[in-house]
Amino acid sequence: MEKVIIIRYAEIHLKGKNRGYFERVFSVNLERALKGLKHELHRLSGRYLVACFDESRTEEICERISRVFGVHSYSVGLSTGTSMGELFAAAKEVCPKEGTFKVDTHRADKKYPKTSMQLNAEVGGYLLDQNPALKVDVHAPQHTVFLDIRENGTALVFSAFEAGVGGMPVGTSGKGVLLISGGIDSPVAGYMMAKRGMSVELLHFHSYPYTNDGAKEKVKELARELARFSHSARLTTLNVAHIQEEIHAKCAAELNVTLLRRFMYRLAERFARSIGGQCLITGESLGQVASQTIEGITSSNAVVTLPVLRPLIGFDKDEIITLSRKIGTYETSVLPYEDCCTVFLPEFPAIKPKLSFVEEEEGKLDVARLMEEAMASREVYDLSED
Amino acid sequence: MIYLDNAATTRPDEGAVEAALPYLHEKFFNPSALYGGGVLVHEEVRRAREFLLSCIADKARYELIFTSCGSEADNTAIFSAARRGNAVTSAGEHAAVYQSFTELKNCGVEPRFAPLKGDGSVDGEALLSLVDEKTTLVSLVHVNNETGAVNDIASIAKAVKSKNPRCLFMSDGVQAFGKLLFRLTPEIDLYAISAHKIGGLKGTGALLKRKGVSLSPLIFGGGQEGGFRSGTENVFGILAFAAAAKKKFMTLESEFSRLKTYREQLSSALDKGIFTRISPKDGTPYILTVAAKNLRGEILQRLIEERGVIVGTGSACSSKHPTSRVITACGVTKEYLQGVLRFSFSPATTEEEVIAAAEAANSAARELIARTARS
């Protein structure tokens with residue numbers, strides 16, 4: 001009898017011929033999540049099994065599994081032989097000592113000499129004998145003891161399902177570039193896309209010397225936190241200080257942020273194309289700030305051809321904060337920092353910038369040269385090695 | 001690299017590091033232990049304590065309690081002394097005192113803050129007017145860490161005691177110890193100091209306490225430091241503290257006049273069209289604080305660092321708090337409020353360095369003005 005963790009996956013079962021591909025990526029992601037912890041990962045039909053681990057670290061393993069996208073649910077249980085004695089012992093071990101219960105058997109091994117109904121009755125009877133405080137209720141039991149009779153002469157016995165994080169295995173839905181600022185929203189946006197299986201590359205704009213290295217360190221910390229889910233912690237930074245200076249010097253003050261965001265989108269697109277990225281991801285939420293009105297978004301969107309995914313567009317700030325707390329980035333996000341957008345912040349930013357006016361003002365700038373300069377400031381940090 | 005942020009911390013003195021090393025190697029013993037090594041170390045800690053005490057106080061009247069830092073010394077004093085009624089301090093205190101006073105509200109004690117003059121020293125009359133028969137503690141920083149202004153704590157303590165003899169008077173002396181010629185007068189009950197500001201190591205501070213003043217400890221345990229501060233003594237830090245202080249007090253007067261000359265040289269070399277001086281002429285010679293008009297200190301600091309000079313700013317590194325509480329309390333006008341720079345010196349500071357620092361500051365400020373101009 002050995003302690004095991006049974007992992008069931010979400011949505012992958014909906015896949016047809018490319019199911020094998022999804023399963024392979026999923027198992028690579030599970031291995032990454034469990035890196036550094038002694039274990040063996042086995043693929044069974046429709047599920048995975050973690051075995052040979054240090055039982056004193058079961059909670060830590062479960063916590064890591066609970067963060068892997070694609071996990072529908074998992075159970076800590078026992079792997080044992082299929083003799084009645086072994087099934088009895090395992091069932092007794094996992095079954096609570098009191099309350100109502102039932103036994104639910106699933107036989108993958110159809111040659112097993114007893115039917116599911118017979119096993120339910122015999123194991124249930126044994127448990128009743130052993131624990132007088134138990135009572136059978138087959139309709140609405142407080143506890144269910146599951147017996148899973150496998151084809152290889154083993155059985156999995158467990159009594160509880162823990163919910164996984166759901167979603168699709170990261171890496172099965174292409175690659176996107178997340179514009180990460182250091183605030184609350186963008187890490188949540190990255191989480192949402194990683195949840196749908198997207199590999200997320202992080203791009204941060206800073207404005208040295210107007211912003212400090214503390215802001216960059218904070219984004220690195222957010223990248224590490226996000227990597228707990230996305231398994232990728234590569235952060236690229238670009239300096240937009242000179243772009244801001246030029247905008248400030250030559251263009252209408254109320255368009256400072258609008259024009260800067262157009263540069264950010266352009267730079268993000270160029271960066272995305274250089275690394276095989278297929279879309280941009282932003283934490284924009286409609287109407288949250290002046291640059292996130294539909295006019296502001298239109299103005300930024302006009303300069304790129306890659307799709308821009310905005311998973312938070314319909315979310316209220318409260319909802320975003322709740323998610324941020326859930327994924328664990330909130331505490332870092334709310335640390336004070338300097339956002340490069342605030343450096344030359346006009347008193348009254350344009351809330352509904354007209355595209356024609358924006359383009360006219362931008363015409364005063366040497367966009368190509370400024371882009372080249374900013375791209376040349378590129379720095380890359382691989383935070384997974386930390 | 002020229003380092004002029006010595007008020008934040010200063011490079012440990014070589015002699016102090018040397019003095020610490022034996023206690024990290026062969027003399028590693030616990031000073032509370034009863035065998036030979038322990039007794040020996042205990043005796044050396046006792047000597048260091050006596051020496052540090054003798055630097056500024058009468059050994060017959062005061063005792064010294066080692067702590068982990070100046071902030072712990074401040075906290076121990078404040079939360080012991082302010083138990084009821086009200087407690088008076090200034091708006092120019094270090095955060096260790098200011099935040100503790102703010103916390104006193106939750107302990108049922110009314111905190112009162114006296115206003116500052118333009119140079120960062122307290123308005124003494126205003127402070128006295130806040131003291132009444134219900135005042136249990138008055139705390140006043142000796143040297144303002146942001147502007148370098150010196151408060152005449154001896155006179156103010158005397159005036160406070162003549163108004164309310166029962167209240168306790170404490171002072172945060174972290175920027176004064178080893179840098180000002182000064183001895184504790186009988187009206188000063190408690191005085192906090194720190195090692196790493198004078199060439200000692202981080203992790204060591206002390207609270208000087210007039211004998212007879214009763215303190216309640218923040219940390220309970222084995223009863224070290226006369227029961228006022230439990231926890232095994234930081235022996236190497238304490239011995240390094242004593243060694244650093246020894247050197248500092250030997251050269252105190254010569255350093256005072258040397259650095260005063262440098263401070264004035266630096267001050268006059270700064271571009272008057274950009275910088276205005278906040279530090280007073282009669283302040284500590286170790287600090288020169290200035291403010292640049294319509295520029296941000298943090299950005300200037302980075303541009304100055306690019307030129308090979310490290311200086312401090314007067315503000316917290318946060319866009320949410322771009323201005324300093326203390327500098328604001330000095331009444332500095334809006335256009336200068338965000339542009340604070342603090343140059344602070346050490347025995348290692350040279351004349352060439354202060355001149356280079358002034359040039360770096362001028363050139364950085366000019367660059368920033370050019371880069372942020374609107375055409």
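Note that the structure is a prediction, hence the values are computed from the model and not measured.

Undergrad: Even after reading the chapter, I still don't get the overall build of chain B, so can you show me in this structure?
TA: Counting its regular elements, chain B contains twelve helices and twelve strands. For 375 residues, the compact-globule estimate of 2.2 N^0.38 gives 21 Å, and chain B sits close to it at 21 Å. C-alpha extents for chain B along the principal axes are approximately 75 × 50 × 35 Å. Relative to its 375 residues, chain B shows a buried fraction of 55%. Taking the contacts inside chain B whose residues are at least 6 apart along the sequence as the reference set, 71% of them involve residues at least 24 apart.

Undergrad: I'm lost on the packing of helix α8 (residues 256–274) of chain A against helix α12 (residues 355–362) of chain A in this one. Help?
TA: Helix packing for two helices is described by the angle between their axes and how far apart those axes are. All names here are of chain A. Where α8 contacts α12, the axes come no closer than 10 Å and their chain directions differ by 80°. As judged from the angle between their axes, α8 and α12 are roughly perpendicular. Residues T258, L259, R262 and R266 of α8 form the contact with α12, whose own contacting residues are L355, V358, E359, E361 and E362. Classifying every residue of the contact of α8 with α12 by side-chain character gives three nonpolar, one polar and five charged.

Undergrad: Please explain the pairing of strand β3 (residues 47–51) of chain A as it appears in this structure.
TA: On a regular strand, one side chain projects to one face of the sheet and the next to the other, so that they alternate. Residue and element names in this part refer to chain A. Among the five residues of β3, five are classified as buried, and the element is accordingly described as predominantly covered. Judged by which residues are buried, β3 turns out to be covered on both faces: R47, L49 and A51 on one side and Y48 and V50 on the other are all buried. Sheet analysis places strand β1 (residues 2–9) next to β3, joined by four bridges and oriented antiparallel. Along β3, the bridge assignment pairs I6 with L49.

Undergrad: Help me out: how do you make sense of the sheet that holds strand β10 (residues 287–292) of chain B in this one?
TA: Residue and element names in this part refer to chain B. Read across the open sheet, the five strands follow the order β1-β11-β12-β10-β9; overall the sheet is mixed. With one partner strand each, in any of the chains shown, β1 (2–4) and β9 (275–277) form the two edges of the open sheet. The sheet shows a mean angle of 35° between the axes of neighbouring strands, taken without regard to direction. Along the sheet, helix α8 (residues 252–269) contacts β9, β10 and β12 (340–344); its crossing angle with β10, the most-contacted strand, is approximately 10°. Packed onto the sheet, helix α9 (residues 297–306) meets β9, β10, β11 (309–313) and β12 and runs at close to 170° relative to β11.

Undergrad: Could you clarify how one ought to interpret the nonpolar core in this entry?
TA: In summary, soluble globular proteins display a tendency toward joint burial of nonpolar side chains. All names here are of chain B. In terms of nonpolar packing, the biggest core is built from 49 residues, with L127, F169, F177, L184, Y191, L208 and F241 touching the most fellow members. Counting only elements with at least two residues in this core, the list comes to α1 (14–20), α2 (36–56), β2 (62–67), α6 (153–163), β7 (190–194), β8 (205–210) and α7 (235–250). Examining the composition of this core, we find that eight residues originate from one element, α7, more than from any other. Non-local contacts of L127, meaning those with residues more than four positions away in its chain, are made with V88, T89, A114, V122, V138, L140, I156 and V160.

Undergrad: Looking at this structure, I do not really get α8(B). What am I missing?
TA: A turn of α-helix holds 3.6 residues, and therefore any two residues three or four places apart point the same way. All names here are of chain B. Spanning 18 residues, α8 covers 25 Å between terminal C-alpha atoms, matching the ideal 26 Å at 1.5 Å per step. Along α8, the residues that are buried comprise L252, E255, L259, Y262, R263, L266 and S267. What you see down the axis of α8 is that its buried residues fit within an arc of 135°, all on one side. The exposed residues of α8 that point more than 90 degrees off its buried face are E253 and S268. Looking at the buried residues of α8, the elements they touch are α7, β9, β10, β12 and α12 (351–371).

Undergrad: Looking at this model, I keep getting lost on the side chain of A:S73. Mind explaining?
TA: Residue placement: A:S73 occurs in strand β4 (residues 71–81). Beyond its immediate sequence surroundings of up to four residues, A:S73 is in contact with A:I6, A:I7, A:R8, A:F161, A:E162, A:A163 and A:G164.

Undergrad: Just to check I follow, could you spell out the interface of chain B and chain A for this structure?
TA: Where the parts come together, the accessible area they lose is often given as the size of the interface. Listed by partner, the interface residues are 16 residues for chain B and 17 residues for chain A. The junction of chain B with chain A conceals about 1,400 Å² of combined surface from both sides, 44% of it contributed by carbon and sulfur atoms. Counting across the chain B and chain A interface gives one salt bridge. For A:E245, the salt bridge goes to B:R371, with nearest N and O atoms at 2.5 Å. The tally of links from chain B across to chain A stands at nine residue pairs in polar contact (both at pLDDT 80 or more). It is α9(B) that provides the largest number of residues to the side of chain B that touches chain A, a total of five residues. Of the residues that constitute the side of chain B that touches chain A, the class distribution is five nonpolar, four polar and seven charged.

Undergrad: Just to check I follow, could you spell out the packing of helix α3 (residues 70–81) of chain B against helix α4 (residues 95–104) of chain B for this structure?
TA: Residues and elements named next belong to chain B. The geometry of α3 relative to α4 is characterised by a closest axis approach of 9 Å and an angle of 30° between their N-to-C directions. Classified by the angle between their axes, α3 and α4 sit roughly parallel to one another. Once α3 is placed against α4, the crossing between them reads as right-handed. Between α3, through S71, D74, N75, I78 and F79, and α4, the contact on the second element is made entirely by A96, V97, S100, F101, E103 and L104. Its residues assigned to classes, the contact of α3 with α4 comprises six nonpolar, three polar and two charged.

Undergrad: Is there a simple way to think about the domain arrangement of chain B in this case?
TA: All names here are of chain B. Looking at the assigned domains, one finds that chain B contains domain 1 (14–249) and domain 2 (251–371). The distance between the C-alpha centroids of domain 1 and domain 2 comes to 28 Å. Counting residues at the interface gives 27 residues for domain 1 and 22 residues for domain 2. Linking domain 1 with domain 2 are zero salt bridges.

Definitions and limits used
- Residues numbered from 1 in each chain as written.
- Chains lettered and ligands numbered in written order.
- Predicted model: local features only at pLDDT ≥ 70, side-chain atom pairs only at ≥ 80, totals over all residues.
- Heavy atoms only, no water.
- Helix = DSSP H or I, 4+ residues; strand = E, 2+ residues; numbered from the N terminus.
- Rg over C-alpha atoms; globule rule 2.2 N^0.38 Å.
- Buried < 20%, exposed > 50% of the residue type's maximum accessible area, 1.4 Å probe, protein only.
- Contact = heavy atoms within 4.5 Å.
- Axes fitted to C-alpha atoms, helices over the stretch in contact; angles between N-to-C directions.
- Parallel < 35°, antiparallel > 145°, perpendicular 65-115°, else oblique.
- Nonpolar A, V, L, I, M, F, W, Y, C, P; charged D, E, K, R; others polar.
- Pairing = 2+ DSSP bridges.
- Core = buried A, V, L, I, M, F, W, Y, C linked by side-chain atoms within 4.5 Å.
- Expected span 1.5 Å × (residues − 1).
- Arc of directions from axis to C-beta.
- Buried area = accessible area lost by both parts, 1.4 Å probe.
- Salt bridge = Lys/Arg side-chain N within 4 Å of Asp/Glu carboxyl O.
- Polar contact = N/O pair within 3.5 Å; in protein donor to acceptor, adjacent residues only side chain to side chain.
- Left-handed = near helix turned anticlockwise from the far one by under 90°.
- Domains from an automatic or database assignment.

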